[in-house]
Amino acid sequence: MADQTIKSVNPANGTVIEEFTPHTPAQVAAAIETADSCFAEWRKTSFEHRAALMMKAADVLEANADRYAADMTAEMGKPLGQAKAEVNKCAWVCRHYAEHVATYLADEPMESSGQKAYVRHLPLGVILAVMPWNFPFWQVFRFAAPTLMAGNTGLLKHASNVFRSALNIEEVFAEAGFPEGAFQTLLIGSKHVEAVIEDDRVKGVSLTGSGPAGGAVAATAGKGIKPSLLELGGSDAFIVMPSADLEKALDTALKARTQNNGQSCIAAKRFFVHADVYEAFKQGFEDRFKRLKVGDPTDEGTDIGPLATASIRDELVEQVEKSVQAGASIFKAGNTLPDSGSWFDPCILGNAPEGSPSADEEMFGPVANLWKVDNFDEAIRRANNSIFGLGSVIFTQDEAEMTQAVNELEAGATFVNAMVASDPRLPFGGIKQSGYGRELAADGIKAFVNRKTVVIA
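Residues numbered from 1 in each chain as written. Predicted model: local features only at pLDDT ≥ 70, side-chain atom pairs only at ≥ 80, totals over all residues. Heavy atoms only, no water.

1. Looking at the overall build of the protein
Piece 1. In terms of helices and strands, the protein carries 15 helices and 20 strands.
Piece 2. For 457 residues, the compact-globule formula gives about 23 Å, and the C-alpha radius of gyration of the protein, at 23 Å, lands near that figure.
Piece 3. The proportion of buried residues among the 457 residues of the protein is 55%.
Piece 4. Partitioning the intrachain contacts of the protein with sequence separation of at least 6 by distance along the chain shows that 73% fall at a separation of at least 24.
Piece 5. Distance between charge centres in the protein, computed from 42 positive and 59 negative side chains, equals 3 Å. (Helix = DSSP H or I, 4+ residues; strand = E, 2+ residues; numbered from the N terminus. Rg over C-alpha atoms; globule rule 2.2 N^0.38 Å. Buried < 20%, exposed > 50% of the residue type's maximum accessible area, 1.4 Å probe, protein only. Contact = heavy atoms within 4.5 Å. Lys, Arg positive; Asp, Glu negative; His and termini not counted. Charge placed at Lys NZ, Arg CZ, Asp CG, Glu CD.)

2. Here we look at the sheet that holds strand β3 (residues 108–109)
Piece 1. The strand order across the open sheet built from 3 strands is β3-β4-β20, with neighbouring strands paired in antiparallel fashion. Whereas interior strands pair on both sides, the edge strands pair on one side only; in this sheet they are β3 and β20 (449–456).
Piece 2. Here 2 bridges tie β3 to strand β4 (residues 116–123), and the two strands are oriented antiparallel to one another. From the neighbouring strand, E108 faces β4, where its bridge partner is V119. (Pairing = 2+ DSSP bridges.)

3. Topic: the nonpolar core
Piece 1. Core analysis: the biggest nonpolar cluster contains 113 residues, and M54, L61, F141, F173, F178 and I239 have the highest contact counts within it.
Piece 2. Ranked by residues supplied to this core, first place goes to helix α4 (residues 80–104) with 10 residues.
Piece 3. If near-sequence neighbours (up to four positions away) are discounted, L61 is found in contact with Y68, V87, C90, A91, C94, F137, F141 and V172. (Core = buried A, V, L, I, M, F, W, Y, C linked by side-chain atoms within 4.5 Å.)

4. Here we look at the environment of A150
Piece 1. Position of A150 relative to the elements: it lies in the loop between α5 (138–149) and β6 (153–157).
Piece 2. Owing to a relative accessible area of 2%, A150 belongs among the buried residues under this scheme.
Piece 3. As for A150 and Q433, which are separated by 283 residues in sequence, their C-alpha atoms are 28 Å apart.
Piece 4. Setting aside residues up to four positions removed in sequence, A150 forms contacts with R50, L105, P123, I445 and V449.

5. Notes on helix α14 (residues 399–408)
Piece 1. Of the positions making up α14, those classed as buried are E401, M402 and A405. Across the axial projection of α14, the buried residues extend over an arc of 105 degrees, all falling on one side. Opposite the packed face of α14, turned more than 90 degrees from it, sit the exposed residues E399, A400 and N407.
Piece 2. Where α14 is buried, its residues touch α13 (376–384), β16 (392–395) and β17 (415–416).
Piece 3. Backbone nitrogen of A400 and a side-chain oxygen of the N-cap are separated by 2.8 Å at the start of α14; the cap is D398. (Arc of directions from axis to C-beta. Polar contact = N/O pair within 3.5 Å; in protein donor to acceptor, adjacent residues only side chain to side chain.)

6. Quick word on the pattern of salt bridges
Piece 1. Tallied over the entire structure, the rule returns 25 salt bridges.
Piece 2. Between E194 and K223 there is a salt bridge, and its shortest N-O distance comes to 3.8 Å. Of this pair, E194 sits in helix α7 (residues 193–198) while K223 sits in helix α8 (residues 211–223), and the two are 29 residues apart along the sequence.
Piece 3. Where K282 meets E286, a salt bridge forms, and the shortest distance between an N and an O atom there is 3.1 Å. (Salt bridge = Lys/Arg side-chain N within 4 Å of Asp/Glu carboxyl O.)

7. A closer look at the packing of aromatic side chains
Piece 1. Counted by the stated rule, this structure contains 15 aromatic pairs.
Piece 2. Seen in terms of ring centroids, F238 and F271 are 5.1 Å apart; in terms of plane orientation they differ by 40 degrees. Their pairing is tilted. Here F271 lies in strand β11 (residues 268–274) and F238 lies in strand β10 (residues 236–240), a separation of 33 residues in the sequence.
Piece 3. With a relative accessible area of 0%, F271 lands in the buried category.
Piece 4. Between F281 and F285, the ring centres sit 5.2 Å apart and the planes meet at 50 degrees, which makes this aromatic pair tilted. Note that F281 and F285 are positioned in helix α10 (residues 275–290) at a spacing of 4 residues, about one turn of the helix. For the pair shown, F281 and F285 are each scored as buried.
Piece 5. Three or more aromatic residues link up through ring pairs in this structure, and these residues are W42, Y68, F137, F141, F173, F178 and F183.
Piece 6. Over the ring of W138 we find K89; its NZ or CZ atom is 4.5 Å from the centre of that ring. (Phe/Tyr/Trp six-rings, centres within 6.5 Å; stacked < 30°, edge-to-face > 60°. Lys NZ or Arg CZ within 6 Å of the ring centre and 35° of its normal.)

8. Some words on the sheet that holds strand β13 (residues 347–350)
Piece 1. Read from one edge to the other, the open sheet built from 7 strands follows the order β12-β13-β14-β11-β10-β16-β17, with strand pairing classed as mixed. On the outer flanks of this sheet lie β12 (329–332) and β17, each paired with one strand and no other.
Piece 2. Two elements, β13 and strand β14 (residues 367–373), share 4 bridges in a ladder whose sense is parallel. Directly across from G350, in β14, lies its bridge partner L370.
Piece 3. Sheet strands in contact with α13 are β10, β11, β14 and β16, and its direction is about 145 degrees off that of β14. (Axes fitted to C-alpha atoms, helices over the stretch in contact; angles between N-to-C directions.)

Here's what the structure looks like:
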């Protein structure tokens, strides 16, 4: 029995934007076959040929940025200016891999007992991407650009609430001149992902999403002895010490917590502030939250749009209520919210006890969790007291504190006096239940290649 029509709902007002007919098993099978057939020829193309097409993809993105951004905002509610910036960032990652593929995938000379030895990087085949709704374009392009440039072909299973963006991404590669089957979107629900991974023609899978989804995908890939890359949730720590530039720390903290309506894996979510500057930070943080404008995401002056779905909003409300019941103080921004849509007033939770959602869970929305700490060692200990390990931030001018933070914070990245951000030039990924593997930079393009050892006697 075929799945029912999937509806795209505008979270700002609850209206249905568009309806999509899911792909049937036969259509999915045909897409996999097309991707596999394309790979047989695509793998033989030169870096120069692939780079020329990827440069065109960047041009297509920029030429259609307004339309793609408007669709993103309508589907998942991010402020329109941030949506446009996301499209342009995708153009950047396309150009980055087009420009650096020959360096990243160059043969690596090795010493051996033979006359000559080296490592050559060869593509694996069809790679599946299972992607989330919060950055509908960026999450996909940071997979697609390196995967295609390495000579693989790609299949996308996007989140069901952003199917228009998924089809727009497929359009980008078609308009750029990539061959049929190089990149295809599968309009399927989560329950159909396992069958795609199990197909012998699919050689690997990359997932960005929740822990449970990552565990299920990794288990299926593991049964088939296929490589997987997981970028999962995060509850990033943000430490502020007495030597910090407090105004810069506050401005960065606000952006780090509220960007993308607070719905980002690498958003700073847990703020640990030294007692010497705690009151000043707390007052400055509250003042900045008061100035946040919650409203129509298409308005230029809007800081926070709706959360992506009503269920996400309801879960966040429940987490906040449980944290307050456990003993956390609460400060609300004080916005008047629209009657319809998935709206949430940004808030700050203070000094919640361990064991509360504020301390232990990822809160996916504009909620900052704030604690006072007496010393740096306590800040490190509490920052590490999390199942997650994606990013981390420290604001300090003390070189010893910087070094200790870099060495001891349990995270895939530590940013000093700056917010965590993904960059095509830097490896990106986490540890613990934030996942494994690295995207972007050289690591990203080598995620799905055969590092073949070659020895010539």
